[in-house]
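# Structure at a glance
Spelled out, the chains give:
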2 protein chains.
Amino acid sequence: MMKQVLLGIFGGAAIMTVGILIGHYGIAKSGSAPSWVNDVAKDVDESMVQQFLSEVDTTEIQGNLQELTKVPHMATSAGDEQTVKFMLQRWQDSETGLDAAWREEYAVYLSFPDPKNPNKVTVVNPSDTVLHTIRQTEKPYTDDQRHPDVVQPYAAYSPAGHAKGKLVYANQGKTTDYAELNKTMDLRGTIAITKYGGAGRGDKAINAEPYGVVGVLVYTDPLDMNDGLMSDATETYPHSWYLPPSGVERGSYTRDYGDLLTPYLAAKADTYRIPESDIKGLPPIPIQPIGFEDAYVLICALGGAAAPQEWQGGFNCTYNFGAPGFDTTSTFNNSDVEMNIYNNATVKNSSNVMGVIRGSVEPDRYVIYGNHRDSWVHGAIDPSSGTSVMLEITRVLGRMVKQGKWRPRRSIIFGSWGAEEFGLIGSAEYTEEYFTMLSERTIAYINVDIAVFANATLRASGMPSVQNVIFQATKQVDAPGLDSTSVYDNWKRFTNRTSPAHGLIPRLGYLTGAGSDYAAFVHHLGIASMDISYTYDRSKTNARIYPAYHTAYDTYDYASKFIDPGFFSHQAVARTAGNVLIRLADSLVLPLSCRDYAESLEQYLDTAVGLYETKLQAKGISIEPLKRAVANFRSAADRLDEVIQSSDLANETPLKVRRINDQLMLLDRAFLNPLAFPDKYAFRHVIWASSSAGKATFPGLADAFAKAELSGLPSDWARVHYHLSVVSQAIDGAASTLTDVI
Amino acid sequence: MMKQVLLGIFGGAAIMTVGILIGHYGIAKSGSAPSWVNDVAKDVDESMVQQFLSEVDTTEIQGNLQELTKVPHMATSAGDEQTVKFMLQRWQDSETGLDAAWREEYAVYLSFPDPKNPNKVTVVNPSDTVLHTIRQTEKPYTDDQRHPDVVQPYAAYSPAGHAKGKLVYANQGKTTDYAELNKTMDLRGTIAITKYGGAGRGDKAINAEPYGVVGVLVYTDPLDMNDGLMSDATETYPHSWYLPPSGVERGSYTRDYGDLLTPYLAAKADTYRIPESDIKGLPPIPIQPIGFEDAYVLICALGGAAAPQEWQGGFNCTYNFGAPGFDTTSTFNNSDVEMNIYNNATVKNSSNVMGVIRGSVEPDRYVIYGNHRDSWVHGAIDPSSGTSVMLEITRVLGRMVKQGKWRPRRSIIFGSWGAEEFGLIGSAEYTEEYFTMLSERTIAYINVDIAVFANATLRASGMPSVQNVIFQATKQVDAPGLDSTSVYDNWKRFTNRTSPAHGLIPRLGYLTGAGSDYAAFVHHLGIASMDISYTYDRSKTNARIYPAYHTAYDTYDYASKFIDPGFFSHQAVARTAGNVLIRLADSLVLPLSCRDYAESLEQYLDTAVGLYETKLQAKGISIEPLKRAVANFRSAADRLDEVIQSSDLANETPLKVRRINDQLMLLDRAFLNPLAFPDKYAFRHVIWASSSAGKATFPGLADAFAKAELSGLPSDWARVHYHLSVVSQAIDGAASTLTDVI
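Residues numbered from 1 in each chain as written. Chains lettered and ligands numbered in written order. Predicted model: local features only at pLDDT ≥ 70, side-chain atom pairs only at ≥ 80, totals over all residues. Heavy atoms only, no water.

### Let's talk about the overall build of chain A
Of the regular secondary structure elements, chain A holds 23 helices and 21 strands. Taken over the C-alpha atoms alone, chain A extends approximately 130 × 65 × 55 Å along its principal axes. Here chain A, with 742 residues, has 63% of them falling under the buried criterion. Within chain A, residue pairs in contact and separated by at least 24 positions form 78% of the contacts whose partners lie at least 6 positions apart. For chain A, the computed accessible surface area is about 25900 Å², with 51% contributed by carbon and sulfur atoms. The average position of the 65 basic charges and that of the 84 acidic charges among the side chains of chain A differ by 4 Å. (Helix = DSSP H or I, 4+ residues; strand = E, 2+ residues; numbered from the N terminus. Buried < 20%, exposed > 50% of the residue type's maximum accessible area, 1.4 Å probe, protein only. Contact = heavy atoms within 4.5 Å. Areas by Shrake-Rupley, 256 points an atom, 1.4 Å probe, with all protein chains shown as cover. Lys, Arg positive; Asp, Glu negative; His and termini not counted. Charge placed at Lys NZ, Arg CZ, Asp CG, Glu CD.)

### Description of unusual backbone geometry
Residue and element names in this part refer to chain B. A cis geometry characterises the amide bond from tyrosine 237 onward to proline 238, with omega recorded as 10°. Here proline 238 is to be found in the loop between helix H9 (222–225) and strand S9 (251–252). Geometrically, the link from alanine 323 to proline 324 is a cis peptide bond, its omega value of 5° lying close to zero. Mapping proline 324 onto the fold places it in the loop between helix H10 (292–299) and strand S11 (336–341).

### Side note on the interface of chain A and chain B
Taken residue by residue, the interface counts 77 residues in chain A and 77 residues in chain B. A combined buried area of about 6300 Å² lies between chain A and chain B, and 64% of that area is made up of carbon and sulfur atoms. At the surface where chain A touches chain B, the tally comes to 6 salt bridges. Linking aspartate 662 of chain A and arginine 365 of chain B is a salt bridge whose minimum nitrogen-to-oxygen distance equals 3.7 Å. (Buried area = accessible area lost by both parts, 1.4 Å probe. Salt bridge = Lys/Arg side-chain N within 4 Å of Asp/Glu carboxyl O.)

### Some remarks on the relation of the copies chain A and chain B
When chain A is fitted to chain B, the residual RMSD is 0.0 Å, and the transformation amounts to a turn of 180° plus an axial shift of 0.0 Å. Here the two chains are linked by the operation of a two-fold rotation axis. When the interface residues of chain A are mapped onto chain B, 100% of them are again interface residues, pointing to one common binding face. (Least-squares fit on C-alpha atoms with pLDDT ≥ 70 in both.)

### Description of the confidence of the model for chain A
Model confidence for chain A is summarised by a mean pLDDT of 95, while 96% of its residues fall at 70 or above. Reported confidence for the predicted complex is 0.94 by ipTM and 0.94 by pTM. (pLDDT = per-residue confidence, 0-100.)

### Overview of the sheet that holds strand S10 (residues 287–290) of chain B
For sheets, the rule is that strands pair by backbone hydrogen bonds, running either parallel or antiparallel. Residues and elements named next belong to chain B. Taken in spatial order, the 4 strands line up as S6-S7-S8-S10 in an open sheet, and their pairing is parallel. Across the chains shown, the open sheet's two edge strands, defined by having one partner strand only, are strand S6 (167–169) and S10. Strand-to-strand twist of the sheet, defined as the mean angle between neighbouring strand axes without regard to direction, takes the value 25°. Looking at chain direction, strand S8 (residues 215–219) and S10 are connected through 4 bridges and run parallel. (Pairing = 2+ DSSP bridges. Axes fitted to C-alpha atoms, helices over the stretch in contact; angles between N-to-C directions.)

### With respect to the state of the cysteines
Residues and elements named next belong to chain A. If you walk through the whole model with that rule in mind, you get 2 disulfides over all chains. One disulfide in the model links cysteine 300 with cysteine 317; its S-S distance is 1.9 Å. The sign of the S-S torsion, about -75°, decides the handedness of the disulfide formed by cysteine 300 and cysteine 317: left-handed. Of this pair, cysteine 300 sits in the loop between helix H10 (292–299) and strand S11 (336–341) while cysteine 317 sits in the loop between H10 and S11; the two residues are 17 residues apart in sequence, bridging distant segments of the chain. (Disulfide = S-S within 2.5 Å.)

### Let's talk about helix H17 (residues 556–563) of chain A
Residue and element names in this part refer to chain A. Along H17, 6 of the 8 residues are buried, which leaves the element largely enclosed by surrounding structure. Among the residues of H17, Tyr556, Asp557, Tyr558, Ala559, Ser560 and Ile563 are the ones counted as buried. Considering only its buried residues, H17 is in contact with helix H4 (58–68) and helix H11 (380–402).

### Remarks on the packing of aromatic side chains
Residue and element names in this part refer to chain B. Evaluated as defined, the whole model comprises 99 aromatic pairs over all chains. Geometrically, the ring pair formed by tyrosine 257 and tyrosine 681 is edge-to-face, given 6.1 Å between the ring centres and 70° between the ring planes. Of this pair, tyrosine 257 sits in the loop between S9 and S10 while tyrosine 681 sits in the loop between helix H21 (654–666) and helix H22 (699–711), and the two are 424 residues apart along the sequence. In this pair, the class of tyrosine 257 matches that of tyrosine 681, namely buried. With a centroid separation of 5.9 Å and 55° between ring planes, the pair formed by phenylalanine 453 and tyrosine 536 is classed as tilted. (Phe/Tyr/Trp six-rings, centres within 6.5 Å; stacked < 30°, edge-to-face > 60°.)

### Remarks on the sheet that holds strand S14 (residues 410–417) of chain B
Residues and elements named next belong to chain B. Strand order in the open sheet formed by 7 strands is S1-S12-S14-S13-S15-S21-S16, and the pairing between neighbours is mixed. Both outer strands of the open sheet, strand S1 (100–112) and strand S16 (457–462), are each paired with one neighbouring strand and no more. Across the sheet, the mean angle separating the axes of adjacent strands is 20° when strand polarity is ignored. Bridge analysis of S16 against strand S21 (residues 529–535) gives 6 bridges, and the strand direction is antiparallel. Bridge pairing in S21 places alanine 460 opposite isoleucine 532.

### Brief notes about the pairing of S21 of chain B
Residue and element names in this part refer to chain B. In terms of burial, S21 is largely enclosed, as 7 of its 7 residues are buried. Side chains of S21 alternate between two faces, with Ser529, Asp531, Ser533 and Thr535 and Met530, Ile532 and Tyr534 buried alike. Two strands pair when backbone bridges link them, and strand S15 (residues 442–447) and S21 are joined in this way by 3 bridges, in the parallel orientation. Of the residues in S21, the one forming a bridge with isoleucine 446 is methionine 530.

### Some details on the environment of proline 245 of chain B
Considering the arrangement of structural elements, one finds proline 245 of chain B in the loop between H9 and S9. On the basis of relative accessibility, which here comes to 10%, the residue proline 245 of chain B falls in the buried class.

### Topic: the packing of helix H19 (residues 594–618) of chain A against helix H22 (residues 699–711) of chain A
All names here are of chain A. Their axes nearest at 12 Å, the elements H19 and H22 cross at an angle of 45°. Considering their axes alone, H19 and H22 lie oblique with respect to each other. Relative to H22, the crossing made by H19 is left-handed. Between H19 and H22, the contacting residues are Ala608, Leu611, Tyr612, Lys615 and Leu616 on the first element and Leu701, Ala702, Phe705 and Glu709 on the second. Residues of the contact of H19 with H22, tallied by class, amount to 7 nonpolar, no polar and 2 charged. (Parallel < 35°, antiparallel > 145°, perpendicular 65-115°, else oblique. Left-handed = near helix turned anticlockwise from the far one by under 90°. Nonpolar A, V, L, I, M, F, W, Y, C, P; charged D, E, K, R; others polar.)

### Examining the side chain of glutamate 420 of chain A
Residues and elements named next belong to chain A. With respect to the element layout, glutamate 420 can be found in the loop between strand S14 (410–417) and helix H12 (425–433). One buried charged residue, glutamate 420, remains without a salt bridge, the closest side chain of opposite sign being arginine 201 at 8.4 Å. Residues contacting glutamate 420, with those up to four places away along its chain left out, are His372, Asp374, Ile425, Asp449, Gly515, Ser516 and Asp517.

### A look at helix H18 (residues 568–586) of chain B
In a regular helix each residue adds 1.5 Å, so 19 residues correspond to 27 Å; H18 of chain B covers 26 Å between its end C-alpha atoms and thus fits that length. Within H18 of chain B, 18 of the 19 residues are buried, which leaves the element mostly enclosed by the surrounding structure. (Expected span 1.5 Å × (residues − 1).)

### Comments concerning the packing of helix H14 (residues 467–475) of chain A against helix H15 (residues 487–494) of chain A
All names here are of chain A. Put simply, H14 and H15 touch, their axes get as near as 6 Å, and they point 115° apart. Of the residues in H15, those in contact with Ile470, Phe471, Thr474 and Lys475 of H14 are Val487, Tyr488 and Trp491. Across the contact of H14 with H15, the residue classes break down as 5 nonpolar, 1 polar and 1 charged.

### Describing the environment of threonine 96 of chain B
Residue and element names in this part refer to chain B. Among the structural elements, threonine 96 can be located in the loop between helix H5 (78–91) and S1. Between the C-alpha atom of threonine 96 and that of glycine 404, which follows or precedes it by 308 residues, the distance is 12 Å. When neighbours within four sequence positions are excluded, threonine 96 is seen to be in contact with Arg90, Thr394, Arg395, Gly398, Arg399 and Lys402.

Printed below as a string of structure tokens:
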């Protein structure tokens, strides 16, 4: 009996086992799941996110910054090449590197001062005696300023040339400033001194030239940058973050971004180059930046009537227009200002350093994270704060990859761009070379240039679709110095708005300009992009930007003492941007919200209707197509979102998930129109293009309307109608891409 | 014992069953395959293809043609509306219709003669006596020509106007023809008579105007169209397919395609419209087509020297230049030709009819099949032969769908375009309205306009990537009248070439022009496209096109008697195009060959190197970047093809298959450059754009080279270098899209 029972049990077990095996392997009609079925359904691993956050290390970031700022690394300099090699070494590291890293070189048009003939600005009297010479270098406070590779302050792309004339004060060098000044005097043959701010750098010269001005000086007014403080004995760096009197903001004086000789083409060695004389938007007359130490001497000696109250600055004297020229009571009486500019433009090889982590499930979908590598001098904040953050993100992620602990669903591309300071050149050339591939495959672009302007709060800008993923990420990161407050809550405290859909939320800015390397991704390629940093408490400073910006004082010493002691803000940015990156790379359904995009379009529409509808009606132009388009977009976005929310996408065919993700990824492509802005180089995005009208609404419409209202010309009103059609049809087109075929 | 055994058996069976159930459903670790796993791996079902081929029916096609040609159906006419309703009824049929069908309307700029003031051309003597009046209608042979809706022959978009002057003969109205004629006389104030062919319709007037010519007549020379035959008593229709003496080819005389008032925008009611005066490329002087019956009277009366041998035509007289004017011995001596043209341009609503079969697995991938619906008169061949074929394809496929027997993997969109005859307007507006959606999702566009020009052999043109799928399809279809010969073999017999990869194969043409509705898909959107028809045995006729083209003789009677009795060629085209359509819609891996594309680029490169390399070197322009780009493309194409051939894609993740398919689908997008051809409206494809240089190579390069060689100007040579960079970088960009990320 015992034996029988056992036999029965064993027999039954054996039969059961055979049955299980048959059931598991033998029944083909629905088949067993291929191994990839689980892989394709994977979503973000929250424990991996937590591990990433915990591994982001302030000491590592600090070490990165020290290494990157050892020497000045202006684009194509020896120091720049040193940083190229450093990036490659880090990204090719066998323990913390990426799957692959390489350099991509472009031959780009750059402008430098001549080390053998430094630019010189002097005050000379009628017998050609030099009464005053503008400092040619910044005053050293540490060894950093004494480094032989510190480039002399200059205006990149200012023409070389000699200009001499009576000085006038032209406020910020805006068109209206010169027009105002021109009412009181003949500007022909004068040299204008202008403040930074208000107009683009090069515009200060472009706006001056029609009035016959022959040269322009630019300086940083202590009121705009130093909250009025001026004394380097007690007040400015090295005593604080404020700009010393001899500090000079360098910069590119171009209007357009990308390599100027190869528009819309990658600047390879053999590429066709336009003649230099065909470049548009360069300063037509010599222009040179100077420190406020010298500007003080010049401005306070000016004669003529007092400039308007709004033109006055931080000096303890009245800012006069100039007679033109200096006041008769001044020692400079009857003297000229003489500018001798020896800048030299030349084609040089600049490198991007690229690194990749290959995606496991969708290698043909890219999340791109980038920052420029080149600085004007040591560039501790601009851009090395961002590069230090990027290197810390790649270190943590690279190690997980090398250890086999993680591989993103989608591919991640890191870009360390070259020659940004000269006009976003490296990133622009990269997007020109790989235009189609990037357009077709890129989910999003994350830009972290200056990671930390100041340590008060997050600042983020981007397409409305990225708002939600930034919110998600910031809710998981502690605000620096505030362990129990998230970056999100702290941000909301500083900058917020009330959203119809979400209530009170932090305010995400828009990327309407070309301030950093996101420009080509946003405006030329129409890729969902964002720019992330830590920034000021505006109740504590009115500085236009952190005061050492583009000067020889933007050093490790400055950054570690005055911008982010302890590097906790750097860490918060690394955690935030890295978290966003992981979510974009790993989420099953892309964390891009078309409904948030609809909200922004509705706000733009409301503004447009309020500002324009009545006047357009009077011109026989109906704004209804735009209203219909935004409504179409809204209902398409709501429908798509409903599909996403109501589907069990992890158990659906991966092609359905891909379909939805493609709709989200490609949304912004529908807003591109390569012909809408013929006068704005590589601005194709009809929602976010730059605008001079200063209205928070559709830029083509706003600018055309402002122009038509001013001129009253029927052809200008026709252009308003044109832009109304362009933007309406773009939004309708975007709505179509959010909609299923039938 | 019996009971025990049974118990044992049943017990064992029960245990086994439980085991099977556990094994099948209960073991989750590798999971059982979701139901979609098999669906996503499905490929073309060859038995379904065979069923499709067998169901395509000549009688059905014949019935379609009879219905479509009952009345004239010029764009926006009552007859056109009748065909709209017919298409909708067919595509919405509950047994043979599609999943959905609807109309899309555009308000487009069309040009018509004035029925109350018919255009009039006369010969008048100095005392204003009318000596001869050109026929205003074509001679009726059947009731078709007597239909009141037959539009008077006219040149659409000719300006209205009155012109009077001495007649001259200007051959084909090419630039060189007028230049030649101008050598012998002053052309100011003359009327030029020209033959169809050699130059675009409108160009005959555009080229004339600078010489002071005030009006142009156009006629069809019997040598070019009728193999010399002229007599309607015995030789021409209704005795044969040849054009009767009074037959007149109508046509659009525009240079650009799409709605002329809304460039790059969909022509909706509210869309911004440019002023009519801003339209480019229209005839600047009145132009009117006439029959050869009248041309004979005019030309044979001309005075002056005999025109060159190449200018002589089919009339039994010498074609003289004109003195200017008629010969002194003629009854027309000293008489003028007077043209009174009353054409009227106006905005009218034109409809596309759209129909869709929704895809099962990848509904967001589209195969588009289209033809225009509008004709000039009855349009039996142009376009109703194609529409009859399309309707037969939708009938067979629609029934399979309605019966639940088949549903394509990808979505199929059918387009019955409006207003093609006026400049491909319906298809162009459709692609402008849905630009982004179509760019992102469209696999291919199949155009079958005139399905049957004649019944000798297939003719097919397209991107090189579609060659293979057309070959596959044609090998499965019997050539009409040749049961044991395939369409493929018959085609190869008529038109062939030797391919380095494939040996002797039929010659696929390229779509370099804007001859039918493929234009916007090829040139504006960069979608792999093809145009398929049956055509002539060129050993039997030199007719420029089938002789009733665009006349009142293009009727059901004509088509069924002289073009395709029995409709077997229609059937062969329906089978071929339908087979291609099914393969594009159902193949697991898209049947598009990047290696065949590489072969074409290599041939273009060889031609360019042979024609240009030495001369470019002399100008300091290296052709090496183009050589490198084509080599890059070749190796990327070979690598991708190797992946396709060596992978077991049916068992791979569907995202891998999708990745490869996206690479194939999007290949042509990389060749688009919206700025490369600023003078060619909506030509953006740098490989297939139209070219005037007449060389089988890269069009931008060829045209720029021809211009530079003629002018010798450095700026023109710079433009050659520019186009070399444009095409090289486009090909490099395409190679990148064929390559994996790392």
